[in-house]
Amino acid sequence: MRIDILTLFPEMFAPLKTSLIGKALERDAFELNIVDIREFSQDKHKKCDDYPYGGGAGMLMTPQPLYDAITSVKTDDSHIIYLSPSGRTLKQEIVKEFATNYKHLVLVCGHYEGIDYRINQLLIDEEISVGDYVLTGGELPAMVLTDAICRYLPNVLHSSDSVVEESFENNLLEYPQYTRPAEFKGLKVPAVLLSGNHKEIADFRKEQAIEMTKLKRPDLLEED
Ligand code: 4FL
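Keep in mind that this is a model prediction, so the values were computed, not measured.

Scoring rules and cut-offs
- Residues numbered from 1 in each chain as written.
- Predicted model: local features only at pLDDT ≥ 70, side-chain atom pairs only at ≥ 80, totals over all residues.
- Heavy atoms only, no water.
- 1 Å grid on protein atoms, 1.4 Å probe; cavity = no way out; pocket = protein on both sides within 12 Å on 5 of 7 lines; lining within 4 Å.
- Points joined across faces, edges and corners; volume = space filled by probe spheres on them.
- Helix = DSSP H or I, 4+ residues; strand = E, 2+ residues; numbered from the N terminus.
- Contact = heavy atoms within 4.5 Å.
- Near = heavy atom within 4 Å.
- Polar contact = N/O pair within 3.5 Å; in protein donor to acceptor, adjacent residues only side chain to side chain.
- Areas by Shrake-Rupley, 256 points an atom, 1.4 Å probe, with all protein chains shown as cover.
- Sits in = over half its atoms within 2 Å of the grid points.
- Nonpolar A, V, L, I, M, F, W, Y, C, P; charged D, E, K, R; others polar.

A. View of the layout of surface pockets. In this structure, the largest pocket encloses a volume near 440 Å³. Together, 25 residues line the largest pocket, and Y82, L83, S84, P85 and V134 are the ones closest to its centre. Mapped by element, the contributors of at least two residues to the lining of the largest pocket are β5 (78-89), α4 (117-122) and β7 (126-129). Per-element accounting of the lining of the largest pocket gives the leading share, five residues, to β5.

B. Highlighting the environment of G87. Inspection of the secondary structure assignment puts G87 in strand β5. Sequence separation between G87 and G55 is 32 residues, and the spatial gap between their C-alpha atoms is 24 Å. Once you skip the residues sitting within four places of it in the chain, G87 turns out to touch E127, I128 and S129.

C. Up close: the site of the ligand. Every residue near the ligand is listed here: L83, S84, P85, I128, S129, V130, G131, Y133, L135, G137, G138 and P141. Between V130 and the ligand, the recorded distance is 2.9 Å, taken from a backbone N or O atom to a nitrogen atom. One nitrogen or oxygen atom from the main chain of L135 is found 3.0 Å from a nitrogen atom belonging to the ligand. Here the ligand, which alone exposes 290 Å², has 93% of that area covered by the protein. Assessed atom by atom at 2 Å from the grid points, the ligand resides in the largest pocket. Of all the elements in the fold, those that place two or more residues in the shell around the ligand are β5 and β7. With three residues, β5 is the single largest residue contributor to the shell around the ligand. Here the residues of the shell around the ligand sort into seven nonpolar, five polar and no charged.

Here's what the structure looks like:
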């Protein structure tokens, strides 16, 4: 998998170079390329924004730098995503779809009040939102999407971590987990977890996952 992120603020992506994703990049588990849209501006001051025709608040990203930045990385295999509150809301199954169906993703981060709509018409394959709220730009959503996708790529997670995934895919929340000590501030770890009986432990966890979901996210039990 190759992911190109197009942004006016490349320095915002430092977090992806640390931690688990950073390690995965070091071992070439996937390829990440941050592209500075401003470098493509043909304006003498590298300007990338302008006032909207028809008036209105704020500035828009002009089409030329965006068009040239996108086409500089686009190939026949690229899937071009614009992070936007207007897109379909990101869900685990969409993450999985991206990780399995594409070998090249181009993530376009908007800033100001958005981008010139002709970029949508000419180049964007789809829009993705990370939730119904407005941010200052698409950079954090692009990082969210990248992080979520990476977890599905071979050699990114340790194999023991990926099993944990299954639970969200069954539309259930995680069951509560405990580590040492067996008692903390008067609260005991449920005895069954210390029993060594794997069947009973699995049944207990399933039941707890259902309980947690009923309690915190009953809407998940309604889905599908
Ligand atoms: C993008 C918000 C994706 C939520 C401002 C610019 C956004 C966003 N999901 N807000 N892009």
